[in-house]
Each structure stands twice: as C-alpha cells, then as structure tokens.
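# Close look at the chain arrangement
If you want the building blocks of each chain, they are given just below.
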Amino acid sequence: MMPDPSRRDWLLCAALCGSAGLPALAQTPPAAVAAPPVSPGPARRAVELTFLRALPGERERLVQFIVANWFEMDRIAREQGLMDDYRLLDSGTHDADWHVLMVVTYRDERGFAGIAEAFERIRRAHTPVNIDGKGLRELGTIVLSRKTLEIAPGR
C-alpha cells in the first residue's frame, strides 16, 4: 500500500506533470496503519517543511515564484479554513544544502492528506505565474519535504 500523498508530491506533480497526474495522486489510498500519538492530549497540528535550493543566481526569483504561486493557493486554503499558517524562511547563507524553507501548518495531524481533495480544487483554479518566464524547474529544486507534528500546539 502506498503512503499518503504529501504536499511535496502534489507540488512536484503540478510543476512537472501539469494536471494530468494529479487525479491519480488524489486516489492514492491512505497508509494501512497510522502511527500512534506520542502522548495523549489535545489534537496536534501537522507542520510540513519543504526545503528548496535555488539554482545559481535564481534565489530571489525562486522566492517570488513561491509567493506568487504557493502562497496564493495557501492564502485561499487558509481563508477556507483548510490550514492555519504558511510562511517562508531563508537559510541566511549561500553555502547551505537549502536556501528557502516553506513551512505550512495544518489544522490537524492529517496534514496535507486531510485537505488534498479541497486543495486540488484550489490548484485547478490557480493560473500558474512564471517569474521572468521561469517556472519552478528553472528556478530551483525541492531538496527535502517532511511532515512533523507539534508537541505543544501554539495556537
């Protein structure tokens, strides 16, 4: 059985495959067994971290691309109550394995898997914005994506 689709899977598929591959990804069955919570208590939120590395000379345009595309879709998702927060952080150096970090906080432990169907409607309605004629592949790469869970919700 395949794992839950992640935000990284959706973003990569949208950037590389267009809309053709997304219906199949939306049909991906959930994992057979969910991991037990670390400790009982209030519901925890998933926080997904997506690390990106800009191609040489493309750091600022990569940030512009993320703001024009990912932030715009996330803004709509937040307005619809699908996620709690999204932000972009910078490594502060050119020598790191990654340059920018996209952080998305979802409303519960399911993370992106819990909003995948609704987010697909947002993605389909979004018109991609290239920066100086360049898309994600020409600006940078996703180095790593990880779903984490809050230990103590900070709402």
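The model shown is predicted, which means the values in this text are computed figures rather than measured ones. (Residues numbered from 1 in each chain as written. Predicted model: local features only at pLDDT ≥ 70, side-chain atom pairs only at ≥ 80, totals over all residues. Heavy atoms only, no water.)

### Brief notes about the pattern of salt bridges
Stated precisely, the cut-off is as follows: For this analysis, a salt bridge means a side-chain nitrogen from Lys or Arg found within 4 Å of a carboxyl oxygen belonging to Asp or Glu. Only DSSP runs of H or I reaching four residues or more are called helices, and only runs of E reaching two or more are called strands; each is numbered from the N terminus. The cut-offs for exposure are 20% and 50% of the maximum accessible area for each residue type, with area from a 1.4 Å probe on protein chains only; residues under the lower value are buried, those over the upper are exposed, and the others partly exposed.
Taken as a whole and assessed by the stated rule, the structure comprises 15 salt bridges. Close ionic contact of Glu-109 with Arg-44 constitutes a salt bridge, the shortest N to O distance being 3.3 Å. With a gap of 65 residues between them, Glu-109 in the loop between strand E3 (100–106) and helix H4 (116–125) and Arg-44 in the loop between helix H2 (22–26) and strand E1 (46–54) connect regions that are remote in the sequence. Two residues, Arg-123 and Glu-120, come together in a salt bridge whose shortest N-O distance is 3.0 Å. With Arg-123 and Glu-120 both in helix H4 and 3 residues apart, this pair spans about one turn of that helix. There is no split in this pair, since Arg-123 and Glu-120 are both buried. The structure contains a network of salt bridges with shared partners spanning Arg-45, Asp-84, Arg-107 and Glu-150.

### What about helix H3 (residues 59–79)?
Because the α-helix completes a turn every 3.6 residues, residues three or four places apart line up on one side. Formally: A helix is expected to span 1.5 Å for every residue after the first. In this analysis the local bend is the angle between axes fitted, respectively, to the seven residues ending at and the seven residues starting at the residue.
In a regular helix each residue adds 1.5 Å, so 21 residues correspond to 30 Å; H3 covers 28 Å between its end C-alpha atoms and thus fits that length. Considering bend angle alone, the principal kink of H3 is centred on Phe-71 and spans about 35°. Residues of H3 that are buried: Arg-59, Leu-62, Phe-65, Ile-66, Asn-69, Trp-70, Phe-71, Met-73, Asp-74 and Ala-77. After H3 finishes, the residue Gly-81 shows a positive phi value of roughly 80°.

### Some remarks on the sheet that holds E1
Inclusion rule: Only when DSSP finds a minimum of two bridges between them are two strands counted as paired. Comment: axis = line fitted to C-alpha atoms, over the contacting stretch for helices; angle = value between 0 and 180 degrees taken between N-to-C directions. We call two residues contacting when some pair of their heavy atoms lies within 4.5 Å.
The strand order across the open sheet formed by 4 strands is E2-E3-E1-E4, and the pairing between neighbours is antiparallel. A single partner strand is all that each edge strand has here, and the edge strands are strand E2 (83–90) and strand E4 (140–149). Across the sheet, the mean angle separating the axes of adjacent strands is 15° when strand polarity is ignored. Of the pairings in the sheet, the one linking E1 to E4 comprises 9 bridges and is antiparallel in character. Considered in E4, the bridge of Phe-51 is made with Leu-144. Lying over the sheet, H3 contacts E1, E2, E3 and E4, oriented at roughly 175° with respect to E2.

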